[in-house]
Amino acid sequence: FDDLSVFTQGYLQHHADAIPQPLNIQEPVQIKLTEPEILTGGNVRFGILFEGDFTDVRMFSLTMPYNQQMEFGSHLFNKAPGFESVFAASRSHEGSIQLDVAVLDTDMTINTPGVVGWITFKANGASPWMNIEDAMARDSFGNEVPVLFGGATNVGPEQDIPMEYSLGSNYPNP
């Protein structure tokens with residue numbers, strides 16, 4: 001994560017011809033996972049949700065254990081609102097994901113609450129759960145941003161993921 005911080009600051013300096021200036025000390029950012037969203041084909045995705053009165057998150061790093069019966073699929077950040085250039089790297093090992101993300105757009109940082117990206121799994125019939133075990137964030141100047149995190153996100157047994165579906169004899173309905 002430290003290497004990503006140095007790279008991001010160098011990238012921004014090169015493309016903006018200026019060194020980012022420090023902002024005032026900011027409020028903590030709360031990083032949470034959304035409830036899992038059931039997708040087709042036995043897939044499920046968790047949103048990475050930022051909340052709070054923060055002003056500048058340029059990069060963040062998360063360590064997230066998950067149900068090992070699930071199979072890590074991918075992460076998606078390029079669809080986040082306003083992001084034109086995002087670098088994201090992830091590694092899944094023994095039921096835990098390490099995710100590092102940096103916003104490389106010189107005119108945009110994460111500065112408003114909302115879902116900033118998604119992590120997708122193949123559920124393999126398992127009840128999906130994942131939580132944030134550790135989190136770090138930095139602003140455009142490379143200063144640490146206070147982070148609040150925690151809590152597991154899961155789907156209870158009453159919301160098991162369907163592995164197959166079929167159309168009944170009433171399709172198409174006249």
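The paragraphs below set out a description of the structure included in this document.

About the cut-offs
Within each chain, residues carry numbers counting from 1 in the order of the written sequence. It should be noted that, the model being predicted, local features are given only for residues of pLDDT at least 70 and side-chain atom pairs only at 80 or more, the latter also being counted only at that level, while totals for whole chains, interfaces and linings use all residues. The side-chain figures draw on all heavy atoms in the structure; neither hydrogens nor water molecules are used. Take the buried residues of types Ala, Val, Leu, Ile, Met, Phe, Trp, Tyr and Cys, join any two whose side-chain atoms come within 4.5 Å, and each joined set is a nonpolar core. Each residue's exposure class comes from its accessible area (1.4 Å probe, protein chains only) as a fraction of the maximum for that residue type: buried when under 20%, exposed when over 50%, partly exposed otherwise. Helical segments are the DSSP runs of H or I of at least four residues, strand segments are the runs of E of at least two, and each set is numbered from the N terminus. Here a salt bridge means any side-chain nitrogen of Lys or Arg lying within 4 Å of a carboxyl oxygen belonging to Asp or Glu. At least two bridges found by DSSP between two strands is the condition for calling them paired. Interaxial angle, 0 to 180 degrees, is taken between N-to-C directions of lines fitted to C-alpha atoms, where a helix line uses only the stretch in contact. Polar contact criterion, stated in full: a pair of N or O atoms within 3.5 Å, where within protein one must be able to donate a hydrogen and the other to accept it, and residues adjacent in sequence count only if both atoms are side-chain atoms. Only heavy atoms matter for contacts: two residues are in contact if any of them lie within 4.5 Å across the pair.

### Here's the deal with the nonpolar core
Consideration 1: Among the nonpolar cores identified, the biggest contains 31 residues, and Ile48, Phe50, Phe60, Met64, Phe121 and Met130 are the most heavily contacted of them.
Consideration 2: Elements represented by at least two residues in this core include exactly β1 (29-33), β3 (43-51), β4 (59-65), β7 (96-103), β8 (114-122) and β10 (134-138).

### What to know about the pattern of salt bridges
Consideration 1: In total, this model carries two salt bridges according to the counting rule given.
Consideration 2: Residues arginine 45 and glutamate 37 are paired through a salt bridge, measuring 3.0 Å at the closest nitrogen-oxygen approach.
Consideration 3: Look at glutamate 37 and you get partly exposed, because its relative accessible area is 32%.

### Let's talk about the sheet that holds strand β6 (residues 86-93)
Consideration 1: Ordered by their spatial adjacency, four strands build an open sheet running β6-β7-β4-β10, and the pairing between neighbours is antiparallel. On the outer flanks of this sheet lie β6 and β10, each paired with one strand and no other. Neighbouring strand axes in the sheet, compared pairwise and without regard to direction, differ in orientation by 10 degrees on average.
Consideration 2: With eight bridges joining them, β6 and β7 adopt antiparallel strand pairing. Across the sheet, residue valine 86 finds its bridge partner in β7, namely valine 103.

### Re the environment of serine 140
Consideration 1: Summarising the element assignment, serine 140 is placed in the loop between β10 and β11 (147-149).
Consideration 2: Take serine 140: its relative accessible area is 9%, and that puts it in the buried class.
Consideration 3: Of note is the side chain of serine 140, whose polar atom sits 3.1 Å from the side chain of arginine 58.

### Considerations on unusual backbone geometry
Consideration 1: Look at glutamate 94: it is not a glycine, yet its phi comes out positive at around 50 degrees.
Consideration 2: Tracing the backbone through its elements, the reader meets glutamate 94 in the loop between β6 and β7.
Consideration 3: Owing to a relative accessible area of 65%, glutamate 94 belongs among the exposed residues under this scheme.

### Focus on the side chain of asparagine 67
Consideration 1: Tracing the backbone shows asparagine 67 in the loop between β4 and β5 (71-76).
Consideration 2: Given the relative accessible area of 10%, asparagine 67 is considered buried.
Consideration 3: A polar contact is formed between the side chain of asparagine 67 and the backbone oxygen of serine 127, at a distance of 2.9 Å.
Consideration 4: Non-local contacts of asparagine 67, meaning those with residues more than four positions away in its chain, are made with Ala126, Ser127 and Trp129.

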